[in-house]
Amino acid sequence: MRADVILVGGGLANSLIALRLRTLRPEVEPLLLERDEQLGGRHTWSFHADDLTAEQHAWVAPLVACSWPRHEVRFPAFSRRLERGYLSITSDRLRAVVGEALGARARPGIEVAGLSESEVVLRDGTRFRASAVIDGRGDPGRGPLDLGFQKFLGQVLVLEAAHGLDGPILMDATVPQADGFRFLYTLPFGDRRLLVEDTRYSDTPALAKEEARRGIEAYARTQGWHVRAVEGEEEGSLPIILSGDIEALWDASGPGVPRSGMRAALFHPTTGYSLPEAVRLADAIATSADLRSPALYALTRGRSREAWRRGRFFRLLNRMLYRAAEPERRYRVLEHFYRLPEPLVGRFYAGRLTWRDKIRVLSGRPPVPVGRAIVALLAPGMRARPDVSETGGRT
Ligand SMILES: Cc1cc2nc3c(=O)[nH]c(=O)nc-3n(C[C@H](O)[C@H](O)[C@H](O)COP(=O)(O)OP(=O)(O)OC[C@H]3O[C@@H](n4cnc5c(N)ncnc54)[C@H](O)[C@@H]3O)c2cc1C
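Residues numbered from 1 in each chain as written. Predicted model: local features only at pLDDT ≥ 70, side-chain atom pairs only at ≥ 80, totals over all residues. Heavy atoms only, no water.

Enquirer: How should I be thinking about the sheet that holds strand 6 (residues 79–82) in this particular structure?
Expert: To summarise the sheet geometry, strands pair through backbone hydrogen bonds and adopt either a parallel or an antiparallel arrangement. A sheet is described by the order of its strands in space; here seven strands give the open sequence 6-5-14-15-16-13-17, paired in mixed fashion. Pairing within the sheet leaves two strands with one partner each, and these edge strands are strand 6 and strand 17 (227–244). In this sheet, adjacent strand axes meet at a mean angle of 15 degrees when their direction is disregarded. Here strand 5 (residues 71–74) runs beside strand 14 (residues 169–172); their pairing, made up of three bridges, is parallel. Bridging across to strand 14, Glu 72 finds its partner in Ile 169. (Pairing = 2+ DSSP bridges. Helix = DSSP H or I, 4+ residues; strand = E, 2+ residues; numbered from the N terminus. Axes fitted to C-alpha atoms, helices over the stretch in contact; angles between N-to-C directions.)

Enquirer: What exactly am I supposed to notice about the pattern of salt bridges here?
Expert: When the charged atoms of two side chains with opposite charge come close together, those side chains can pair. Using the criterion set out here, one finds 40 salt bridges in the structure. The residue Arg 22 makes a salt bridge to Glu 29 at a minimum N-O spacing of 3.1 Å. A relative accessible area of 22% means that Arg 22 is categorised as partly exposed. Of the residues examined, Glu 29 reaches a relative accessible area of 22% and is grouped as partly exposed. Here Arg 309 ties to Glu 306 by a salt bridge, and the two come within 2.8 Å at their closest N and O atoms. Here Arg 309 and its partner Glu 306 are both found in helix 7 (residues 293–310), three residues apart, which amounts to about one turn of the helix. (Salt bridge = Lys/Arg side-chain N within 4 Å of Asp/Glu carboxyl O. Buried < 20%, exposed > 50% of the residue type's maximum accessible area, 1.4 Å probe, protein only.)

Enquirer: When you look at the pairing of strand 16 (residues 193–202) in this model, what are you seeing that I'm missing?
Expert: Where a strand is regular, its side chains alternate between the two sheet faces. With respect to burial, strand 16 is a largely interior element, nine of its 10 residues being buried. Taken together, the 10 bridges between strand 13 (residues 145–159) and strand 16 define a ladder with antiparallel strand orientation. Across the sheet, the residue bridging to Lys 151 is Arg 200, located in strand 16. Between strand 15 (residues 181–190) and strand 16, which pair antiparallel in sequence order, lie two residues.

Enquirer: Can you help me understand the side chain of Arg 80 in this one?
Expert: Along the polypeptide, Arg 80 turns up in strand 6. Buried Arg 80, no salt bridge; nearest opposite-charge side chain is Glu 342, N-O distance 4.5 Å. From its side chain, Arg 80 meets the backbone oxygen of Tyr 338 in a polar contact 2.5 Å long. The residues touching Arg 80, leaving out its near neighbours within four places in the chain, are His 71, Glu 72, Val 73, Tyr 338, Arg 339, Leu 340, Pro 341 and Glu 342. (Lys, Arg positive; Asp, Glu negative; His and termini not counted. Polar contact = N/O pair within 3.5 Å; in protein donor to acceptor, adjacent residues only side chain to side chain. Contact = heavy atoms within 4.5 Å.)

Enquirer: Could you clarify how one ought to interpret the site of the ligand in this entry?
Expert: What surrounds the ligand is a group of 29 residues, the closest being Ala 13, Glu 34, Ser 46, Met 262 and Ser 274. One of the backbone nitrogen or oxygen atoms of Arg 35 is found 3.1 Å away from a nitrogen atom of the ligand. Between Ser 274 and the ligand, the recorded distance is 2.6 Å, taken from a side-chain N or O atom to an oxygen atom. When the ligand is considered free in solution it has 980 Å² of accessible area, and contact with the protein chains removes 91% of it. Secondary-structure elements contributing two or more residues to the shell around the ligand are helix 1 (12–24), strand 3 (44–48) and strand 17. (Near = heavy atom within 4 Å. Areas by Shrake-Rupley, 256 points an atom, 1.4 Å probe, with all protein chains shown as cover.)

This is the structure we're talking about:
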């Protein structure tokens, strides 16, 4: 099959690129290769309405399975409703839309064994050539990054009676704290259907699944929800960047190969969420005048570097969260944060904090011991190699 652009990995980032290319550049032939038997894995990808522009909302709308005009957070000391929209895309919806747009150009069940900027080699030795190859094979692992983790197990619960929620609870940290900052995340998908995730901001990526399932069961009980059935599960362990060297991450493998999504470290440093960055990258690639690998390599590496630069303040906050706060008292950092003005909270998740916002975030009575906070702020490389960007080096 002739292809202009081969997208390796049929996850979120490459699926969005393929969709956007089909709409804006119908003359370009993409080929989307996915190792698993179906595209898009088993995910619910959520994002804040503020994360995207009106135009971006318009083109992702067919993928959105659910949206809410407001959400809330709950902490031991206070609860808060935020009148800001929240939306979710599901793997099922992504698969249906991408399948229809790409037809035979979306190829699940094909594992790529090797790739270069112009060629892809499959497990059986078959080769495909194209003027661009984009590596979207997901999380590249720790490499030169010092990481914490946001890990979670979620269950879709079907209830005996209506749950009574009118929007998501993004954090309910009134639960017992364990393995770092622990909270329950709840998305109401219908009157009697909920996605409930037991989440921890932890030092380690390993997920204690049975414990998380018991945590969800106990939470449902305390909320007065009687569970009729568990419809499905999803799980993840997302990287939370404390410090690192973005140039070394790019230099480590695949010279000259453009990357997308988690592979390009295009995710929010404090949440590990990548959807908004993936939408922006899809727009940037589909509107690029040159769709050959050298140009797309410069584009994707440049965006990754730029995102890293913008993420500097967030990495600093992450270090405060992970290094200055005792694991079981990490919730106090978030509790402190959620008392800030609503528009600032919106800009935080959208990764667009102003200087004034940053000062505001750091002001007030610190929720962590001052001495430890200073060490965390000033010594990014304490637990790992020095963070080149943080110490004023090349990035
Ligand atoms: C359960 C879960 C929930 C999440 N929820 C959110 C959320 O609510 N909001 C948000 O913004 N982010 C969320 N994230 C984080 C992030 O957005 C996702 O991890 C997202 O899927 C990353 O997109 P990606 O395209 O970079 O990687 P992936 O979606 O992981 O896609 C990579 C794909 O490459 C395939 N692949 C790997 N190796 C090969 C190979 N050799 N050959 C062919 N294919 C290969 C994989 O099978 C996979 O399908 C979530 C992550 C998880 C795991």
